[in-house]
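# Structural overview for review
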Protein chains: 2
Amino acid sequence: MLLHIDSSADPAAASVSRRLTDLFTEVWRPLHPAADRVYRDLSADPVPPLTAAYTALGRRVERAGLVPPHKVPALIENAAEAREWELTLPLVTEVLAAETVLLGVPMYNYSVPAALKAWIDRVSFPGAFTDPDTGESLLRSTRVVAVLARGGGYGPGTPREHADHQTPYLRTYFRNLGVAEENLHLVTAELTRVDLFPHPPVLEELAAASLAAARAELTALAAGDGPAPGRVPE
Amino acid sequence: MLLHIDSSADPAAASVSRRLTDLFTEVWRPLHPAADRVYRDLSADPVPPLTAAYTALGRRVERAGLVPPHKVPALIENAAEAREWELTLPLVTEVLAAETVLLGVPMYNYSVPAALKAWIDRVSFPGAFTDPDTGESLLRSTRVVAVLARGGGYGPGTPREHADHQTPYLRTYFRNLGVAEENLHLVTAELTRVDLFPHPPVLEELAAASLAAARAELTALAAGDGPAPGRVPE
């Protein structure tokens, strides 16, 4: 199953991240005619914010040790916690069922959009992705393909490299969730909003090259071939 | 004016960040009897997610150059954009009016809570904090005091230092907003959830010492004395 998640506030016509996740899906679909695809638009259909019932239930589950999702209901103490779990379990189940999680992620204020962080905060329920018998992550062989669109330039060696809290953050998050290094693909498209400001023409060339490289990398990943030739994997 | 913003999903009884921002306010209030305090609870009263009308209006404003908030209405083209601006302007106005912005920020999944990111994404409207005549930030002399509570240990020299996307992120964000280095105070309380896991007793001592240092630092900042003696400013 392919779990395709977009988080841009923009419609596809104005969103580089949406167009790039669509490209992945278009290449992937005919190659996997029998596979399901689940789509989640975190902007059209926002994940509800956490409440105190979520954190109370989460702490009780953490204190109980390694509790798999099917044993969480036995620890629920009131209707508010039941409601929180009802909002959370479908998100967890989708991730557990996915062979590939495809994420469209524009940079908002140097990091991921609040819409994506709301999904992360809810889906990361204690124990949800841990094998209760071994303590190992259940996501070792899950492939994560995140498309990271950024209005400016934040790549290695650029002056704003250290202001990038989008790419390194998602790497930290998914590594700690147990996604294997070789299954974690962060594909960046740089300078996507270069048209908003006065700029030297060379920046348009760099933006076009970055977009073309992202498209090639995503096409190869969707076809299951790994990184595109000539592109150093991040 | 003191703008006090909390973002924990927990009530004060279970929230270290809320108790610490409350401590700041308690010390600050009698010392500033004539000053206003505005309180915003981002968990009880979430900032609405961005829509495509927000980003469309934001891009139009960016293309127009340096547009101060009072000139934004002239660029609004439809009711959806008017609604977005109506949701945004009060947040911007509060920050512009504040001498001190006090933020309570628990670490959620290695970064700031989605509730705070939703505020950041909305309040960071193009041009909102820039002097249209000089291009300089209007927040140079605004003091930002952020209280950063983290369940684990992420301080300098710890094995998880590089998983901290809470402190460095807020530093990047407020620096880029133009807050002067000497006015940006990030106060951390480490190991606040040490009770959730089996742990050696020394970690409880470290947690208590970190909390005591945070309380001393916040008390000194609220009294306007700068960092507490013996504490290296971050």
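Scroll up for the structure.
Here we summarise the structure given alongside this text. On a predicted model such as this, the values are computed, not experimentally measured, just so you know. (Residues numbered from 1 in each chain as written. Chains lettered and ligands numbered in written order. Predicted model: local features only at pLDDT ≥ 70, side-chain atom pairs only at ≥ 80, totals over all residues. Heavy atoms only, no water.)

## Considering the layout of surface pockets
- Counted as a void, the second largest pocket has a volume near 1400 Å³.
- Around the second largest pocket, the lining is made up of 49 residues, and of these Asn109(A), Phe197(A), Glu62(B), Ser124(B) and Pro126(B) lie nearest the centre.
- Contributing elements (two or more residues each) for the lining of the second largest pocket: helix H1 (16–31) of chain A together with helix H2 (52–63) and helix H5 (167–177) of chain B.
- When residues in the lining of the second largest pocket are grouped by element, the largest group, six residues, is from H2(B).
- For the lining of the second largest pocket, the class distribution of residues is 23 nonpolar, 17 polar and nine charged. (1 Å grid on protein atoms, 1.4 Å probe; cavity = no way out; pocket = protein on both sides within 12 Å on 5 of 7 lines; lining within 4 Å. Points joined across faces, edges and corners; volume = space filled by probe spheres on them. Helix = DSSP H or I, 4+ residues; strand = E, 2+ residues; numbered from the N terminus. Nonpolar A, V, L, I, M, F, W, Y, C, P; charged D, E, K, R; others polar.)

## Brief notes about the environment of Ile5(A)
Residues and elements named next belong to chain A.
- Residue placement: Ile5 occurs in strand S1 (residues 2–6).
- When the C-alpha positions of Ile5 and Thr142 are compared, they lie 15 Å apart, and in sequence the two are 137 residues distant.
- Discounting chain neighbours no more than four positions away, the residues touching Ile5 are Arg40, Leu42, Leu102, Leu103, Gly104 and Trp119. (Contact = heavy atoms within 4.5 Å.)

## Points about the sheet that holds strand S4 (residues 143–149) of chain A
Residue and element names in this part refer to chain A.
- With parallel pairing, the five strands of this open sheet are ordered in space as S2-S1-S3-S4-S5. On the outer flanks of this sheet lie strand S2 (37–41) and strand S5 (184–189), each paired with one strand and no other. This sheet shows a mean twist of 15 degrees between the axes of neighbouring strands, independent of strand direction.
- Looking at chain direction, S1 and S2 are connected through five bridges and run parallel. Each residue of the ladder has a partner; that of Ile5, found in S2, is Arg40. (Pairing = 2+ DSSP bridges. Axes fitted to C-alpha atoms, helices over the stretch in contact; angles between N-to-C directions.)

## Points about the interface of chain A and chain B
- Of the residues lining the interface, 39 residues belong to chain A; the matching set on chain B comes to 39 residues.
- Taken together, the two surfaces of chain A and chain B that pack against each other cover about 3000 Å², and 57% of this comes from carbon and sulfur.
- One can count four salt bridges joining chain A with chain B.
- Among the salt bridges present, the one from Arg59(B) reaches Asp10(A), with a minimum N-O distance of 3.0 Å. (Buried area = accessible area lost by both parts, 1.4 Å probe. Salt bridge = Lys/Arg side-chain N within 4 Å of Asp/Glu carboxyl O.)

## Describing the relation of the copies chain A and chain B
- The operation relating chain A to chain B is a screw motion whose rotation component is 180 degrees, with 0.0 Å of axial translation and a residual RMSD of 0.0 Å. Those values place the two copies in the arrangement expected of a two-fold rotation axis. Nearest to the rotation axis, the C-alpha of Ala114(A) is located 2.6 Å from it, this being the minimum over chain A.
- Of all interface residues in chain A, 100% are interface residues in chain B too; the two copies therefore contact each other through one and the same surface. (Least-squares fit on C-alpha atoms with pLDDT ≥ 70 in both.)

## A short note on the pairing of strand S1 (residues 2–6) of chain B
Residue and element names in this part refer to chain B.
- Burial analysis of S1 places five of its five residues in the buried class, the great majority of the element.
- Of the two faces of S1, both are covered, the one formed by Leu2, His4 and Asp6 as well as the one formed by Leu3 and Ile5.
- Handedness of the S1-helix H1 (residues 16–31)-strand S2 (residues 37–41) crossover: right-handed. (Buried < 20%, exposed > 50% of the residue type's maximum accessible area, 1.4 Å probe, protein only. Right-handed = clockwise from strand over helix to strand, strands pointing away.)

## Quick look at helix H6 (residues 201–222) of chain B
Residue and element names in this part refer to chain B.
- The terminal C-alpha atoms of H6 lie 32 Å apart, and with 22 residues this matches the ideal 32 Å at 1.5 Å per residue to within 8%.
- Every buried residue of H6 is accounted for by Ala207, Ser210, Ala214, Glu217, Leu218, Ala220, Leu221 and Ala222.
- On its buried face, H6 is in contact with H1, strand S4 (143–149) and strand S5 (184–189).
- One or two positions beyond H6, positive phi appears at Gly224, with a value near 80 degrees. (Expected span 1.5 Å × (residues − 1).)

## Section: the pattern of salt bridges
Residues and elements named next belong to chain A.
- Taken as a whole, this structure holds 28 salt bridges over all chains when the rule is applied.
- In this structure, Glu84 and Arg122 form a salt bridge, with 2.8 Å as the shortest nitrogen-oxygen distance. Of this pair, Glu84 sits in helix H3 (residues 79–97) while Arg122 is found in helix H4 (residues 114–123), placing the two residues 38 residues apart along the sequence. Comparing Glu84 with Arg122 shows no difference in burial state: the two are buried.

## Considering the packing of helix H2 (residues 52–63) of chain A against H3(A)
Residue and element names in this part refer to chain A.
- Packing of H2 against H3 brings their axes to within 8 Å, and their N-to-C directions diverge by 85 degrees. Classified by the angle their axes make, H2 and H3 are roughly perpendicular. From H2, Ala53, Tyr54, Ala56, Leu57 and Arg60 reach across to H3, where they touch Ala80, Glu81, Glu84, Trp85 and Thr88.
- Residue composition of the contact of H2 with H3, by class: six nonpolar, one polar and three charged. (Parallel < 35°, antiparallel > 145°, perpendicular 65-115°, else oblique.)

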